[in-house]
Amino acid sequence: RWEQLQSDHEKMRYLYKRWLEKEIRAGYAFKPHLTPNETKADFYAQKKFDVNREWAERVVDGYNETRYGGRPPASETLEKWKGEL
């Protein structure tokens, strides 16, 4: 649950996972062996549904920066994205 997450790192991971779960329910055939960037490209390539490219770009880029660069987006940004999810 969002309220129990204590760091911005955890919140970014939560948003990325929720985005993936939402798209899987909408028909995206997730491939767990792909990196986040490869997942984003594969998501676009499947074209089985209307793609919100802006959201996908933000969440995947934010996840990559958090996980691999150690820099999560600002808390206010994460709260805003959660509201959009």
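Our structure's up above, just so we're on the same page.
A. Here's a closer look at the overall build of the protein chain. Assigned secondary structure in the protein chain consists of 4 helices and 0 strands. Start at the N end of the protein chain and walk to the C end: the helices and strands fall as α-α-α-α. In terms of overall dimensions, the protein chain has a C-alpha envelope of 35 × 25 × 20 Å along the principal axes. Expressed as a percentage of the 85 residues in the protein chain, the buried residues total 34%. Partitioning the contacts of the protein chain with sequence separation of at least 6, the portion at a separation of at least 24 is 51%. With 17 positive and 15 negative side-chain charges, the protein chain shows a spacing of 4 Å between the two charge centroids.

B. Looking closely at the packing of aromatic side chains. Inspection of the entire model under this criterion finds 8 aromatic pairs. Between tryptophan 19 and phenylalanine 43, the ring centres sit 5.2 Å apart and the planes meet at 70°, which makes this aromatic pair edge-to-face. Of the two residues, tryptophan 19 sits in helix H1 (residues 8-25) while phenylalanine 43 sits in helix H2 (residues 36-46), which places them 24 residues apart along the sequence. Comparing tryptophan 19 with phenylalanine 43, the two get one shared label, buried. Their ring planes at 80° and their centres at 5.6 Å tell us that tyrosine 28 and phenylalanine 43 sit as a pair that is edge-to-face. Taken together, the residues tyrosine 28 in the loop between H1 and H2 and phenylalanine 43 in helix H2 connect sequence positions 15 residues apart. Members of the aromatic cluster, joined through ring pairs, are Tyr16, Trp19, Tyr28, Phe30, Phe43, Tyr44 and Tyr63.

C. Focus on the packing of H1 against helix H3 (residues 53-69). At a minimum axis separation of 9 Å, H1 and H3 run at an interaxial angle of 140°. Taken together, the axes of H1 and H3 lie oblique to each other. For the crossing formed where H1 meets H3, the hand is left-handed. Contact with H1, carried on its side by His9, Met12, Arg13, Leu15, Tyr16 and Trp19, involves Trp55, Ala56, Val59, Val60, Gly62, Tyr63 and Thr66 of H3 and no other residues of that element. Of the residues contributing to the contact of H1 with H3, the split by class is 9 nonpolar, 3 polar and 1 charged.

Cut-offs and rules
- Residues numbered from 1 in each chain as written.
- Predicted model: local features only at pLDDT ≥ 70, side-chain atom pairs only at ≥ 80, totals over all residues.
- Heavy atoms only, no water.
- Helix = DSSP H or I, 4+ residues; strand = E, 2+ residues; numbered from the N terminus.
- Buried < 20%, exposed > 50% of the residue type's maximum accessible area, 1.4 Å probe, protein only.
- Contact = heavy atoms within 4.5 Å.
- Lys, Arg positive; Asp, Glu negative; His and termini not counted.
- Charge placed at Lys NZ, Arg CZ, Asp CG, Glu CD.
- Phe/Tyr/Trp six-rings, centres within 6.5 Å; stacked < 30°, edge-to-face > 60°.
- Axes fitted to C-alpha atoms, helices over the stretch in contact; angles between N-to-C directions.
- Parallel < 35°, antiparallel > 145°, perpendicular 65-115°, else oblique.
- Left-handed = near helix turned anticlockwise from the far one by under 90°.
- Nonpolar A, V, L, I, M, F, W, Y, C, P; charged D, E, K, R; others polar.

Without other data, these values stay purely geometric and don't point to any function.
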